[in-house]
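Working through the structure, step by step
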Amino acid sequence: QVQVVESGRGLVQAGGSLRLSCAASVSIFHIHVVGWYRQTPGKQRELVASITNGLVTNYQDSVKGRFTISRVNADNTVYLQMTNLQPEDSGEYYCSVLHASGFYWGQGTQVTVSS
């Protein structure tokens, strides 16, 4: 069983920045893919950004140029740096981890962007 913990929840004004962190209970080198998803009430969870073990990144079109996903091996952590945040970026953000033992979710962290 892999434990996934997100942090970095916050309330920011439009145009502001926030950084989310995702830490897992296993070595980051043994994780195939880490993804950040966003969910708003009444909607399905959607992929915002992902990074593979080979450091290949992928972004939802709406966040390209504003969000950056990165991995810091020394911290065993994946970060999602979010800049120029807009109200439509608000939601519960979940980190996902694809490991050899399975697929795991974190508990989520709330991001609220006010206009």
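Residues numbered from 1 in each chain as written. Predicted model: local features only at pLDDT ≥ 70, side-chain atom pairs only at ≥ 80, totals over all residues. Heavy atoms only, no water.

Here we come to the sheet that holds strand β1 (residues 4–7). Here four strands make up an open sheet; going across it, the order is β1-β3-β8-β7 and the pairing antiparallel. What marks the edges here is a single partner per strand, and that holds for β1 and β7 (67–72). Here the strands of the sheet are splayed against their neighbours by 15° on average, with no regard to which way each runs. (Pairing = 2+ DSSP bridges. Helix = DSSP H or I, 4+ residues; strand = E, 2+ residues; numbered from the N terminus. Axes fitted to C-alpha atoms, helices over the stretch in contact; angles between N-to-C directions.)

Judged by side-chain polarity, L98, F103 and W105 come together as a nonpolar surface patch covering roughly 270 Å² of accessible area. In this structure, W105 sits in strand β10 (residues 102–105). You can call W105 partly exposed: its relative accessible area is 35%. (Patch = residues over 30% accessible without salt bridge, like charges linked within 9 Å, V, L, I, M, F, W, Y side chains within 5 Å. Areas by Shrake-Rupley, 256 points an atom, 1.4 Å probe, with all protein chains shown as cover. Salt bridge = Lys/Arg side-chain N within 4 Å of Asp/Glu carboxyl O. Buried < 20%, exposed > 50% of the residue type's maximum accessible area, 1.4 Å probe, protein only.)

What follows is about the pairing of β10. Note: strand β9 (residues 91–99) against β10, four bridges, orientation antiparallel. If you follow V97 over to β10, its bridge partner there is Y104.

A word on the pattern of salt bridges. Tallying each qualifying case throughout the model produces four salt bridges. With a shortest N-O distance of 3.1 Å, R38 and E46 are connected by a salt bridge. By relative accessible area, R38 is classed as buried at 5%. Of the charged contacts in the structure, one is a salt bridge between K64 and D61, with a shortest N-O distance of 3.0 Å. Among the charged side chains, a network of salt bridges with common partners joins R38, E46, R66 and D89.

Moving on to the pairing of strand β3 (residues 18–24). Of all seven residues in β3, five are buried, a share of seventy percent or more. In this sheet, β3 lies alongside β1 in antiparallel orientation, the contact comprising four bridges. Directly across from E6, in β3, lies its bridge partner C22. Here β3 pairs with strand β8 (residues 77–82) via six bridges, running antiparallel. What sits directly across from L20, in β8, is L80.

In total, this model carries one cavity of 30 Å³ or more according to the counting rule given. In this structure, the largest cavity spans a volume of roughly 50 Å³. In this structure, the largest cavity is lined by C22, A23, A24, V26, I28, I31, V34, N76, T77, V78 and V97. Elements with a contribution of two residues or more to the lining of the largest cavity: β3, β4 (31–39) and β8. Ranked by the residues each element gives to the lining of the largest cavity, the list is headed by β3, at three residues. For the lining of the largest cavity, the residue count by class is nine nonpolar, two polar and no charged. (1 Å grid on protein atoms, 1.4 Å probe; cavity = no way out; pocket = protein on both sides within 12 Å on 5 of 7 lines; lining within 4 Å. Points joined across faces, edges and corners; volume = space filled by probe spheres on them. Nonpolar A, V, L, I, M, F, W, Y, C, P; charged D, E, K, R; others polar.)

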